[in-house]
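This is what each chain is made of:
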Amino acid sequence: MELQTFIFATAVAHLGFAMFIVGHAYWTDQESGNWPYITLAFGLAGLAGYFFYDELEGSGGI
């Protein structure tokens, strides 16, 4: 795979993950916080953080 193709595919995937987080937060009446931005930068790590990071206030996550 060429580098340009890999970077494009990665950017599209990160954008899709971030859109999923925003949609999920909207449909479940939760705040997405900074997770969409983190997901744009780090991909699956941001997606996992959104679902599994549990703050003391209990916001975010499933």
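A word on the overall build of the protein chain
Okay, step 1: When its secondary structure is counted, the protein chain shows 3 helices and 0 strands.
Okay, step 2: Seen in sequence order, the protein chain has helices and strands lined up from the N terminus as α-α-α.
Okay, step 3: Looking at the protein chain as a whole, 27% of its 62 residues qualify as buried.
Okay, step 4: For the protein chain, the proportion of contacts with a sequence separation of at least 24, taken over those separated by at least 6, is 41%.

Some details on the packing of helix α1 (residues 3-27) against helix α2 (residues 35-42)
Two measures define how a pair of helices packs: the angle their axes make with one another and the distance between the axes.
Okay, step 1: Taken N-terminus to C-terminus, the directions of α1 and α2 make an angle of 165°; their axes are 8 Å apart at the nearest point. The angle between α1 and α2 places the two elements in the roughly antiparallel class. Crossing of α1 against α2: the hand is right-handed. Residues H14, L15, F17, A18, I21 and V22 of α1 form the contact with α2, whose own contacting residues are W35, P36, T39, L40, A41 and F42.
Okay, step 2: Tallied by class, residues from the contact of α1 with α2 come to 10 nonpolar, 2 polar and no charged.

A look at the packing of α1 against helix α3 (residues 44-52)
Okay, step 1: Between α1 and α3, the shortest axis-to-axis distance is 9 Å and the interhelical angle comes to 15°. Relative to α3, the element α1 lies roughly parallel. Two packed elements cross with a definite hand, and for α1 against α3 that hand is left-handed. Facing α1, whose interface residues are F17, F20, I21, H24 and A25, α3 presents L44, G46, L47, Y50 and F51.

About the criteria used
Residues numbered from 1 in each chain as written. Predicted model: local features only at pLDDT ≥ 70, side-chain atom pairs only at ≥ 80, totals over all residues. Heavy atoms only, no water. Helix = DSSP H or I, 4+ residues; strand = E, 2+ residues; numbered from the N terminus. Buried < 20%, exposed > 50% of the residue type's maximum accessible area, 1.4 Å probe, protein only. Contact = heavy atoms within 4.5 Å. Axes fitted to C-alpha atoms, helices over the stretch in contact; angles between N-to-C directions. Parallel < 35°, antiparallel > 145°, perpendicular 65-115°, else oblique. Left-handed = near helix turned anticlockwise from the far one by under 90°. Nonpolar A, V, L, I, M, F, W, Y, C, P; charged D, E, K, R; others polar.

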